[in-house]
Amino acid sequence: MTARLLIHCPDQPGIVAAVSGFLTQQGCNIIHADQHATAKSGGEFFMRIEFERGRASGEILKGAFQAIGDQFSMDWSISFDEKKRMAILVSKYDHCLLDLLWRQRRGDLEVDIPLIISNHPDLKNDAEFFGVPFFHLPVTRGNKQEQEQRIHELMVEHGVDFAVLARYMQILSPGLVSKWPNRIINIHHSFLPAFIGAKPYHSAFQRGVKIIGATAHYVTNDLDEGPIIEQDVVRVSHRQTIEELVRLGGDIERQVLARAVRWQVEERILVYENKTVVFY
């Protein structure tokens, strides 16, 4: 059975030797290993290891590793090939939602999608087509807190590991964000920080930009300023109309979000301060 070990700790000599030695002693076989240090000395150390587990049970392996974690002051986690469960929050735009559902159905994303939550009823038929339960929770100024509590309850009830805002056009309150730190991914319809707002492609068109892009990031209480997971751009010219910019933008949004979700599912992301280390 494949397992993953994620590590973040102060950089110091002996970490790699201790970890690899421990896995060898436990009869584990390292399949893939990545590491990164933020400085030549005195920085932060990050590591991701995929390995074939030996005969030891998961709990025994975790218990035995605790001593190494304590020795090097590690924040660490070990997972054992457990499929993640992802909630999708969406409003009316369907391109990101349908792309995620399609990729999950054909096996490109090894993730379960137990529910879709929306503040509009428009995409209910699409959810039903893919066999995913759809929950319509309309949001107004008067019921926002109540509906966000219901969102939290639904995600807990369905055993959700993380959530994706697939163009969910609501600003989440600090109360909900604090319950899911670094577990809510948003796709922003521009290459942050430029052209934020309701009509980024119109603003880009007015400025005659030569690239448009998209940004996937974790949601924090600072609007659109959470740790960035992935970004990409596409070149445009004066020949593109606004409608063409919107179409191109939608394409890049789907691709960027899909990559961010895949890295979340495969546990390739470590958050440090307001940045991410992504082991591609």
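Residues numbered from 1 in each chain as written. Predicted model: local features only at pLDDT ≥ 70, side-chain atom pairs only at ≥ 80, totals over all residues. Heavy atoms only, no water.

Residues annotated in UniProt with the feature "domain: ACT" (unreviewed entry) correspond here to residues 4-79. Helix makes up 33% of residues 4-79 and strand 39%, with an end-to-end C-alpha separation of 5 Å. (UniProt positions renumbered as here; feature names shortened; annotations may be inferred. Helix = DSSP H or I, 4+ residues; strand = E, 2+ residues; numbered from the N terminus.)

Time to look at the sheet that holds strand E8 (residues 162-165). Strands sit in the order E7-E6-E5-E8-E9-E10-E11 across an open sheet of seven strands; the sheet is mixed. One side of each edge strand has no neighbouring strand; the edge strands of this open sheet are strand E7 (134-136) and strand E11 (228-235). Taking each pair of neighbouring strands and ignoring which way they run, the sheet shows an average axis angle of 20°. Of the pairings in the sheet, the one linking E8 to strand E9 (residues 184-188) comprises three bridges and is parallel in character. What sits directly across from Ala163, in E9, is Ile184. Across the sheet, helix H3 (residues 95-105) touches strand E5 (84-90), strand E6 (111-118), E8 and E9, and the angle it forms with E6 is around 160°. Along the sheet, helix H5 (residues 144-157) makes contact with E5, E6, E7 and E8, crossing E6 at roughly 160°. (Pairing = 2+ DSSP bridges. Axes fitted to C-alpha atoms, helices over the stretch in contact; angles between N-to-C directions. Contact = heavy atoms within 4.5 Å.)

A word on the sheet that holds strand E1 (residues 2-10). Spatially, E2-E3-E1-E4 is the arrangement adopted by the four strands of the open sheet, whose pairing is antiparallel. Looking at which strands have only one partner, the edges of the open sheet turn out to be strand E2 (29-37) and strand E4 (75-79). Recorded for the sheet is a direction-independent mean angle of 10° between the axes of neighbouring strands. Relative to strand E3 (residues 44-52), E2 runs antiparallel, the two being bridged by eight bridges. Bridge assignment links Ala33 to a residue of E3, and that residue is Ile49. Here helix H1 (residues 15-25) sits on the sheet and contacts E1, E2 and E3; the angle it forms with E3, its principal contact strand, is near 20°.

With that settled, consider the pattern of salt bridges. Between side chains of opposite charge, a pair can form when the charged atoms approach closely. Counted by the stated rule, this structure contains 18 salt bridges. Here Glu230 makes a salt bridge to Arg259, at a shortest N to O gap of 2.7 Å. With Glu230 in strand E11 and Arg259 in helix H8 (residues 242-265), this pair connects stretches of sequence that are 29 residues apart. Across the pair Asp251 and Arg254 runs a salt bridge, and its minimum N-O distance is 2.9 Å. (Salt bridge = Lys/Arg side-chain N within 4 Å of Asp/Glu carboxyl O.)

On to the packing of aromatic side chains, then. Enumeration according to the criterion identifies five aromatic pairs in this entry. Taken together, a centroid distance of 5.3 Å and an interplanar angle of 70° make the contact between Phe22 and Phe65 edge-to-face. Residue Phe22 is found in helix H1, and its partner Phe65 is found in helix H2 (residues 58-71); the two are separated by 43 residues along the sequence. Here Phe22 and Phe65 have matching classes, each one buried. Here the aromatic rings of Phe46 and Tyr272 are separated by 5.6 Å at their centres, their planes lie at 65°, and the arrangement is edge-to-face. (Phe/Tyr/Trp six-rings, centres within 6.5 Å; stacked < 30°, edge-to-face > 60°. Buried < 20%, exposed > 50% of the residue type's maximum accessible area, 1.4 Å probe, protein only.)

With that settled, consider the packing of H1 against H2. The contact between H1 and H2 brings their axes to 11 Å, and the two run at 155°. Classified by the interaxial angle, the pair formed by H1 and H2 is roughly antiparallel. Between H1 and H2 lies a crossing whose hand is right-handed. Only Leu61, Ala64, Phe65 and Ile68 of H2 make contact with H1, whose side of the interface consists of Ala18, Val19 and Phe22. (Parallel < 35°, antiparallel > 145°, perpendicular 65-115°, else oblique. Left-handed = near helix turned anticlockwise from the far one by under 90°.)

For the pair H3 and H8, interaxial distance at closest approach is 9 Å and the crossing angle is 45°. In this view, H3 runs oblique relative to H8, as classed from their interaxial angle. Where H3 crosses over H8, the handedness of that crossing is right-handed. Where H3 approaches H8, its residues His95, Cys96, Asp99, Leu100 and Arg103 are matched on the opposing element by Gly250, Glu253, Arg254, Leu257, Ala258, Val261 and Arg262. Classifying every residue of the contact of H3 with H8 by side-chain character gives five nonpolar, two polar and five charged. (Nonpolar A, V, L, I, M, F, W, Y, C, P; charged D, E, K, R; others polar.)

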